Amino acid sequence: MTNPGWGGAPGDQPTPPQSRCVRHPDRPTGLACSRCGRPACPECLRPAAVGQHCVDCIQAANRSAAPVRTVVGAPASSRYGLVTYIIMGLNVLAFAVTAAQSGSLMENTRGSALFQEWALYAPLVATGDVQRVIGSGFLHYGPIHLLVNMFALYIIGRDLEAILGKARYVAVYVVSLLGGSASVLVLESPGAVTVGASGAIFGLLGAQAVVLLRLKRSPTPVLVIIGLNIVISISIPGISLWGHMGGLVAGAAATAAVVFLPSRTRSPKVAWAGVAAVAVVALAIIAVRILDIRAQMGI
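Residues numbered from 1 in each chain as written. Predicted model: local features only at pLDDT ≥ 70, side-chain atom pairs only at ≥ 80, totals over all residues. Heavy atoms only, no water.

A. Quick look at the layout of surface pockets. The calculated volume of the largest pocket comes to roughly 850 Å³. Considering the residues around the largest pocket, the lining is formed by 37 residues, among which His 145, Asn 149, Ser 198, Ile 239 and His 244 are closest to the centre. Of the residues in the lining of the largest pocket, the class split is 19 nonpolar, 17 polar and one charged. Taken as a whole, the second largest pocket holds about 210 Å³ of empty space. Forming the boundary of the second largest pocket are 13 residues, of which Gly 179, Gly 246, Val 249, Val 281 and Ile 285 lie nearest the centre. Broken down by secondary-structure element, the contributors of at least two residues to the lining of the second largest pocket are helix H7 (166-187), helix H10 (241-265) and helix H11 (268-297). Of all the elements, H7 adds the most residues to the lining of the second largest pocket, at five residues. Of the residues assigned to the lining of the second largest pocket, the class counts are 10 nonpolar, three polar and no charged. (1 Å grid on protein atoms, 1.4 Å probe; cavity = no way out; pocket = protein on both sides within 12 Å on 5 of 7 lines; lining within 4 Å. Points joined across faces, edges and corners; volume = space filled by probe spheres on them. Nonpolar A, V, L, I, M, F, W, Y, C, P; charged D, E, K, R; others polar. Helix = DSSP H or I, 4+ residues; strand = E, 2+ residues; numbered from the N terminus.)

And the structure:
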């Protein structure tokens, strides 16, 4: 019996129309995407774990995929270190200005207006030169002091920046600066003049130790480096031990807020509140010390 809709001889079968690629309508194809089922030519298909996917499905999957993030929630990227390089550049720029003003590369502190305005000196901070609290962290005594600190910042800072992300990294660095200055104002001799990025760098060392604990890795190598630097700070005259310790404590505390609080409270905003709390404590210590010095000076 013949099919009424087919006029051929009995037993003959109609040839189905050949599909055409959805991206290239001029190309007939017998292939299809195993994900969306649409016909596609070999050029528009890619091998997949099961079957083959068209390029449109692959692009849609890439757009919807969650970005890879670090342990603290920062976007993971192979490009990192920009903030560290900027901080290093600011330190080098400040040194260049002091060297130009003093007319000497080795004796850059003499005759430099910038050095006189930014160096951390408690009596002048108490009389209103509060810019010294941050500015002193960008000044250095001579090129050797600068090179040692910049090398340490280069080694420590880039990896920490990659883990924390740019914003958190800047926050930890600034809080470490504040902690170092607060410790100097309270514990160093009132007549001491303190400069250098080492307080903030010690804060980054403390931050690195905290991150290793968060990753459940041993912080022993970092702790050994911290211990050696403490010994050096005590042994060599002219190095501010309390500036280093204040930066270390503040940096570690701020980083602990960044890496531990969000996982426990399920709220990333709590991390910033924790960092702000450490900064407020450092500022409060500075403010109390300023009032104490002013009272001693009879102001």
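Continuing now.
B. Examining the state of the cysteines more closely. Considering all chains together, one arrives at zero disulfides under this definition. Free of any disulfide, Cys 41 has its nearest neighbouring cysteine sulfur in Cys 44, separated by 3.7 Å. (Disulfide = S-S within 2.5 Å.)

C. Representation of the packing of helix H6 (residues 142-164) against H7 within the structure. Contact geometry for H6 and H7: axes closest at 7 Å, N-to-C directions at 130 degrees. In terms of axis orientation, H6 runs oblique to H7. In terms of crossing hand, the pair formed by H6 and H7 is right-handed. For the pair formed by H6 and H7, the contact residues are Leu 153, Gly 157, Leu 160, Glu 161 and Leu 164 on the first element and Lys 166, Arg 168, Tyr 169, Val 172 and Tyr 173 on the second. Here the contact of H6 with H7 is built from residues that sort into six nonpolar, one polar and three charged. (Axes fitted to C-alpha atoms, helices over the stretch in contact; angles between N-to-C directions. Parallel < 35°, antiparallel > 145°, perpendicular 65-115°, else oblique. Left-handed = near helix turned anticlockwise from the far one by under 90°. Contact = heavy atoms within 4.5 Å.)

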